[in-house]
Amino acid sequence: MMTKGVDCLANSEVREVAFGGLRCRLQFNPGRAVSASAKVDAKSIAARPCFLCEKNRPAEQRGVDAGGGYVFLCNPMPIFNPHFTVPTLEHQPQRIDTCLPKMLELAERLSGQFTVFYNGPRCGASAPDHLHLQAIPLGATPFEEQLIADVDGFINWSVTGDVSVGLTADPEPPAIVIVGGDRSTMLARVEEVIAKLAEHFPTDPEPMLNALALHTDGLFRVVLFPRASHRPTNFGTDDGQILVSPGLVDMLGLLITPRREDFDKLTGEAVAKIYQEVSRDRQRLIEML
Ligand SMILES: [Zn+2]
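Reference entry: report on the structure contained in this document. By convention here, each chain's residues receive numbers from 1 onward along its written sequence. The predicted origin of the model limits local features to residues at a pLDDT of at least 70 and limits the giving and counting of side-chain atom pairs to 80 or more, whereas totals for whole chains, interfaces and linings rest on all residues.

Description of the sheet that holds strand β2 (residues 22–28)
Read from one edge of the open sheet, three strands run β1-β2-β13, paired in mixed fashion. The sheet terminates laterally at β1 (13–19) and β13 (254–257), the two strands that pair on one side only. When the angles between neighbouring strand axes are averaged without regard to direction, this sheet yields 30°. A pair of strands counts as paired when DSSP detects no fewer than two bridges linking them. Each helix is a run of H or I in the DSSP string that is no shorter than four residues. Each strand is a run of E no shorter than two, and both are numbered from the N terminus. As defined by bridge partners, β2 adjoins β13 across four bridges and the pair is classed as parallel. The residue bridging Gln27 from the neighbouring strand is Ile256, located in β13. Relative to β1, helix α9 (residues 268–278) is tilted by about 80°, and along the sheet it contacts β1, β2 and β13. Lines are fitted to the C-alpha atoms to define the axes, a helix being fitted only along its stretch in contact, and any angle between axes, read from their N-to-C directions, falls within 0 to 180 degrees. Each residue is represented by a C-beta atom placed from its backbone, and any two residues with such atoms within 7 Å are regarded as in contact.

Concerning the environment of Arg25
Looking at where Arg25 falls in the secondary structure, it is placed in strand β2. For the exposure call, what matters is how many other C-beta atoms sit within 10 Å of a residue's own: 20 or more marks it buried, 12 or fewer exposed, and in between partly exposed, using C-beta atoms placed from the backbone. The class of Arg25 is partly exposed, set by 16 C-beta atoms lying within 10 Å. Considering only alpha carbons, one finds Arg25 and Leu254, 229 residues apart in sequence, at a separation of 4.8 Å. Apart from residues no more than four positions distant in its own chain, Arg25 is found in contact with Val14, Glu16, Pro142, Gly253 and Leu254.

Concerning the sheet that holds strand β10 (residues 176–180)
Taken together, ten strands build an open sheet; the order of strands is β3-β4-β5-β7-β6-β11-β12-β10-β9-β8 and the sheet is antiparallel. Single-partner strands in this sheet number two, and they are β3 (64–67) and β8 (155–159). Ignoring strand direction, the axes of neighbouring strands in this sheet form an average angle of 25°. Examined bridge by bridge, β3 and strand β4 (residues 70–74) share three bridges and lie antiparallel to one another. Pairing of Gly67 across the sheet is with Tyr70, part of β4. Its contacts with the sheet place helix α6 (residues 183–200) against β9 (163–168), β10, β11 (209–216) and β12 (219–226), and it is angled at close to 160° to β10.

Details of the nonpolar core
Formed by 71 residues in total, the largest nonpolar core has its most connected members in Met103, Val116, Leu133, Ala211, Ala213 and Val222. It is helix α4 (residues 96–109) that provides the largest number of residues to this core, a total of seven residues. Apart from the residues within four sequence positions on either side, Val222 is in contact with Ile178, Met186, Val190, Ala211 and Ala213. In these notes, a nonpolar core means any group of buried Ala, Val, Leu, Ile, Met, Phe, Trp, Tyr and Cys residues linked to one another through C-beta atoms within 7 Å.

Written as structure tokens, this is what we have:
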């Protein structure tokens, strides 16, 4: 399966689209069709064996200890090479509160090399019942390129100091950026922002979001993409519908299109519309921060 997944990635095609200030890449990767169309309702989840539990994993899928009850696995249908899934050993629900400390710790340990990320249970995670992070090569997406280059005007800061908090300026999608050097101070501040999201945009079981942490040159950068919906309104496999199920990587400007027709047809304007539909309203986020 892994060989097939790596082949799919190696044979994937990439195309750039733009709209206003938005610059995105589309990746045509048929290997991701299962993940993009995964049913994540409680009934479907309960009916399938959990593919992140050790007892159900293929015998040849060996893990490397990631410490603290987590394990590094190679993602069998990667978007990047390498692309790791980092589940807990224990079968427990996908929750940002539980794995946020681990996300920061891993980002620091993998400093300068990997971006560690989290997809919320209704925001792109195809195993919402089993807690997991993912790790991908640092800086490989359009959003991270701007974030790391610290492009002037990319972020409107609301708070500056030991830990700074701000919101990305146009274009879509709006993202909260938190930057600081000390891990425990960062953790406390990120938790505060997530608590604010829970208060302003209450959803069950947690505020809908995608999150990433990366660490370079002694600084953490945590990015939260507050989400309003799981999938765009015209999501589907029928004519005229789009099979794009946005997770963190898609929010970072690398949209995975498992179907050829979406890859060929999607315009920058259509991508901007997808971002607008699945993201929280920018003005409300500015007021919240
Ligand atoms: Zn499991």
